[in-house]
Amino acid sequence: ALFNLELLKANSGTDTNAGATNVDTYAMASGLTAKDRVAVFYGLEAVTQQAASLTLHNSTDSVKAGELSGAAALTAGNTIGGLAVLQQAQSGATTIIGLQLASNTDAVMTGDKTIVATFTTAWTGAWTLALRHGGVTAGGTLKWTWNVCVVRGQ
């Protein structure tokens, strides 16, 4: 095998909150090494109204770790699916590199995007990863699914 994925969590659901909301979380609980990667496979659908700022967050430190829909909202009736990979930067235990590969039905984001985030908690410490949105317009529903996996380094 090219690499082994270890499934940490798989979940799906819907959300209608008008304010920013963590729709699901996974506690890392000091289970990562500096060479591990976290891979998140996701699918998001904005039903009848838009969903703003679809992101991955370190909810322990309130820091964005990945932009799943770019800087834009996912517009009504459209979907986005992709893979986000998070890893510790070689330069330090609190510097995180996030890479998102995505495609969607309304061209909010296609291709890839890399962001660098600074955590307060070390990558190898106890922190919680959250799937988050910035708000669903009244009358709308966000449907979501994610699989959180780890690719073990050494």
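It should be noted that the structure appears before, not after, this text.
This structure is a prediction, so every number in the text was calculated from the model and none was measured.

Rules used in this analysis
Residues numbered from 1 in each chain as written. Predicted model: local features only at pLDDT ≥ 70, side-chain atom pairs only at ≥ 80, totals over all residues. Heavy atoms only, no water. Core = buried A, V, L, I, M, F, W, Y, C linked by side-chain atoms within 4.5 Å. Buried < 20%, exposed > 50% of the residue type's maximum accessible area, 1.4 Å probe, protein only. Helix = DSSP H or I, 4+ residues; strand = E, 2+ residues; numbered from the N terminus. Pairing = 2+ DSSP bridges. Axes fitted to C-alpha atoms, helices over the stretch in contact; angles between N-to-C directions.

Draft legend 1. View of the nonpolar core. Judged by nonpolar contacts, the single largest core of 32 residues is most densely connected at Val38, Leu44, Leu56, Leu129 and Trp146. Every element with two or more residues in this core is listed here: β3 (37-47), β6 (63-67), β7 (79-88), β8 (95-104), β10 (128-133) and β12 (141-151).

Draft legend 2. Representation of the pairing of strand β5 (residues 55-58). Of the two faces of β5, the one holding Thr55 and His57 and the one holding Leu56 and Asn58 are both buried throughout. By the bridge criterion, four bridges tie β5 to β6 in an arrangement that is antiparallel. Across the sheet, residue Thr55 finds its bridge partner in β6, namely Glu67. Where β5 folds back on β6, the antiparallel hairpin that results is connected by four residues, among which Ser62 adopts a positive phi of roughly 55°. Taken together, the four bridges between β5 and β10 define a ladder with antiparallel strand orientation. Within β10, the position partnered with Thr55 by the bridge is Arg132.

Draft legend 3. Spatial organisation of the sheet that holds β6. If you walk across this open sheet you meet the four strands as β2-β10-β5-β6, and the pairing is antiparallel. The sheet is open, and its two edges are formed by β2 (21-27) and β6, each paired on a single side. Strand-to-strand, the axes of this sheet are offset by a mean angle of 30°, without reference to chain direction.

Draft legend 4. Just the pairing of β12, in detail. Across ten bridges, strand β1 (residues 5-15) lies against β12 in antiparallel orientation. Following the sheet pairing, Leu5 is matched in β12 by Val151. Two elements, β3 and β12, share eleven bridges in a ladder whose sense is antiparallel. Counterpart to Leu44 in the pairing with β12 is Trp144.

Draft legend 5. Looking closely at unusual backbone geometry. At Thr48, a residue that is not glycine, the phi angle is positive and equals roughly 65°. By relative accessible area, Thr48 is classed as exposed at 54%. The backbone phi angle of Ser62 is positive, close to 55°, even though this residue is not glycine. Following the sequence through the fold, Ser62 ends up in the loop between β5 and β6.

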